Amino acid sequence: MVKPFIIGTRNSGEFLHAGAKILKEGGTALDAVEAATRLVELNPNDTSVGLAGIPNILGVQEMDATIMCGKTRNSGAVGALKGFKHPISVARKVLDDAPHVLLVGAGAERFAKAMECEEGDLETELSRKVYKAFIDDAFDDEGVIDESQKWVVKYAKSQNLKKWYEKLADEHHGTVNIMAMDADGNIASAVSTSGTALKFPGRLGDSPIIGAGNYCDNRYGAAACTGMGELAIRNSTARTLIHYMENGLNPEEAAILSMKDIHDLSAVGGMNCIVMDNKGNTTSATTNPDRESVHWYYDVDMTEPEKRIGINVNP
Ligand code: ASP
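A brief look at the structure comes next. (Residues numbered from 1 in each chain as written. Predicted model: local features only at pLDDT ≥ 70, side-chain atom pairs only at ≥ 80, totals over all residues. Heavy atoms only, no water.)

1. Focus: the overall build of the protein chain
Check the secondary structure of the protein chain and you find ten helices and 13 strands. For 315 residues, the compact-globule formula gives about 20 Å, and the C-alpha radius of gyration of the protein chain, at 19 Å, lands near that figure. Counting only C-alpha atoms, the protein chain reaches 60 × 45 × 35 Å along its principal axes. Expressed as a percentage of its 315 residues, the buried residues of the protein chain come to 56%. Contacts spanning at least 24 positions in sequence make up 66% of the contacts within the protein chain whose residues lie at least 6 apart. Here the protein chain has roughly 13300 Å² of accessible surface; of this, 49% comes from carbon and sulfur atoms. (Helix = DSSP H or I, 4+ residues; strand = E, 2+ residues; numbered from the N terminus. Rg over C-alpha atoms; globule rule 2.2 N^0.38 Å. Buried < 20%, exposed > 50% of the residue type's maximum accessible area, 1.4 Å probe, protein only. Contact = heavy atoms within 4.5 Å. Areas by Shrake-Rupley, 256 points an atom, 1.4 Å probe, with all protein chains shown as cover.)

2. Some remarks on the sheet that holds strand 6 (residues 187-193)
Two pairing modes exist for strands in a sheet, parallel and antiparallel, and in both the strands are linked by backbone hydrogen bonds. The mixed open sheet is built from eight strands, whose spatial order is 4-3-2-6-5-1-11-12. One side of each edge strand has no neighbouring strand; the edge strands of this open sheet are strand 4 (102-104) and strand 12 (306-309). This sheet shows a mean twist of 15 degrees between the axes of neighbouring strands, independent of strand direction. Sitting on the sheet, helix 1 (residues 16-24) is in contact with strand 1 (5-9), strand 5 (176-181) and strand 11 (294-299), with an inclination near 165 degrees to strand 1. (Pairing = 2+ DSSP bridges. Axes fitted to C-alpha atoms, helices over the stretch in contact; angles between N-to-C directions.)

3. Details of the sheet that holds strand 7 (residues 214-217)
Here five strands make up an open sheet; going across it, the order is 7-8-9-10-13 and the pairing mixed. In the strand order of this sheet, the two ends are held by strand 7 and strand 13 (311-312), each with one partner. Examined bridge by bridge, strand 10 (residues 282-286) and strand 13 share two bridges and lie parallel to one another. Looking at the pairing, A285 lines up with I311 of strand 13. Contacting strand 7, strand 8 (221-227) and strand 9 (271-277), helix 9 (residues 237-246) runs over the sheet at an angle of about 145 degrees to strand 8.

4. A word on the pattern of salt bridges
This model, assessed by the stated rule, comprises 16 salt bridges. The closest approach of N and O atoms between D96 and R92, which form a salt bridge, is 3.1 Å. Here D96 and its partner R92 are both found in helix 3 (residues 87-97), four residues apart, which amounts to about one turn of the helix. Classification of D96 as partly exposed rests on a relative accessible area of 43%. The class for R92 is buried, based on a relative accessible area of 13%. A salt bridge links E292 to K307; the shortest N-O distance between them is 3.7 Å. Pair noted here: E292 is in the loop between strand 10 and strand 11 and K307 is in strand 12, with a separation of 15 residues, a long-range link. Here E292 falls in the partly exposed class, since its relative accessible area comes to 46%. One network of salt bridges, with partners in common, ties together D31, E34, R92 and D96. (Salt bridge = Lys/Arg side-chain N within 4 Å of Asp/Glu carboxyl O.)

5. Considering helix 10 (residues 251-263)
Here helix 10 is 13 residues long and its end C-alpha atoms lie 18 Å apart, about the 18 Å a rise of 1.5 Å per residue gives. If you follow the buried residues of helix 10, they end up packed against helix 8 (229-235), helix 9, strand 9 and strand 10. Regarding helix 10, its N-cap is N250, as a side-chain oxygen of that residue lies 3.0 Å from the backbone nitrogen of E252 further along. (Expected span 1.5 Å × (residues − 1). Polar contact = N/O pair within 3.5 Å; in protein donor to acceptor, adjacent residues only side chain to side chain.)

6. A closer look at the side chain of S284
Following the sequence through the fold, S284 ends up in strand 10. Of note is the side chain of S284, whose polar atom sits 3.0 Å from the side chain of H295. Not counting the four nearest positions on each side in its chain, S284 is found in contact with C273, I274, S293, V294, H295, G310 and I311.

7. Re the nonpolar core
Core analysis: the largest hydrophobic core is formed by 71 residues, its most contacted members being I6, I67, V78, V90, I178 and M276. Ranked by residues supplied to this core, first place goes to helix 2 (residues 29-42) with six residues. What V78 contacts, discounting residues up to four positions off in sequence, is M63, D64, A65, P87, V90, A91, V94, L102, L103, A108 and P208. Listed in part, the eight residues of the second largest apolar core include I54, I57, Y131 and I135. (Core = buried A, V, L, I, M, F, W, Y, C linked by side-chain atoms within 4.5 Å.)

8. Here's the deal with helix 1
All of the buried residues along helix 1 are L16, A18, G19, A20 and L23. Buried residues belonging to helix 1 abut strand 1, helix 2, strand 5 and strand 11. Immediately beyond the C-terminal end of helix 1, within one or two residues, lies G26, with a positive phi of roughly 85 degrees.

9. What about the packing of helix 2 against helix 3?
For any two helices packed against each other, the geometry is given by the interaxial angle and the distance between the axes. It is the contact of helix 2 with helix 3, at a shortest axis distance of 8 Å, that shows an interaxial angle of 150 degrees. Accordingly, the angle class assigned to the pair helix 2 and helix 3 is roughly antiparallel. Taking contact as the criterion, the partners of L30, D31, E34, T37, R38 and E41 in helix 2 are, on helix 3, P87, I88, S89, R92 and L95. Looking at the contact of helix 2 with helix 3 residue by residue, the class counts come to four nonpolar, two polar and five charged. (Parallel < 35°, antiparallel > 145°, perpendicular 65-115°, else oblique. Nonpolar A, V, L, I, M, F, W, Y, C, P; charged D, E, K, R; others polar.)

10. Quick look at a nonpolar patch on the surface
There is a patch of nonpolar side chains on the surface, built from V101, L102 and V104 and spanning about 220 Å² of accessible area. One can find V104 in strand 4. Given the relative accessible area of 40%, V104 is considered partly exposed. (Patch = residues over 30% accessible without salt bridge, like charges linked within 9 Å, V, L, I, M, F, W, Y side chains within 5 Å.)

This is the structure in structure tokens:
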């Protein structure tokens, strides 16, 4: 019998206690991952998730989130969601109450409103400041960003749109990945992000795509990603990680192989993953040779999360 536990990426360590508390009280993995993710979404110092999240290229915050139940493989996902305080809880409502798995944009907002999800302005002084710094860095001439989308035309004409964007987008990433196993052996996973810096309006990354940025299955484990979402979509990275474990690899071996798959794309941008199996083994990995791959582990016998160092995977 595996001790109930919860794990998460980057700064989630300080927020995992919300999920650990639920697990200690005999609650479900789904409730635990949602509760911990909500705290990260409320953190005003994190400009990549929820409150203060980095806006799209027009200065509008569009949030992506997914939550998945490993027992049923039911999932809830929202993309390009505006004006709601907890994208992860809107995703949870989709999982629990919608006849669909993925809702985006105005439709997702209409659903969230009908479900009485908490509305809120996610913009802060910090997010405005970060946005301005990116914009100043990205454009040389004034007024090139406007609703008429002259900026797209300008860069498309110079045939540099893709290159310009890749350079830009590689510089600011961030997403929270949280996953847990409860006393019944059920696994759940949650992902929430404001997406990549200065993304196009309507751009969805891997985070709202089940199988790309998030996947879990009680029979094997859970996997989730952060980094340049386009790459995880192209490789179906989260589902592929589970597939590797299904075929006998342990989480470390699966993580290494999936990061090598990313290198194999020979594309601009990096990828990171966090993985657990249903025996309680955990790992994380990154394609970045210089960045420490960190995840945090917190089981029901602990009072503090434990920092665990993952793997740097070279090409
Ligand atoms: N994966 C996210 C996205 O592409 C962003 C990130 O993790 O940096 O939207």
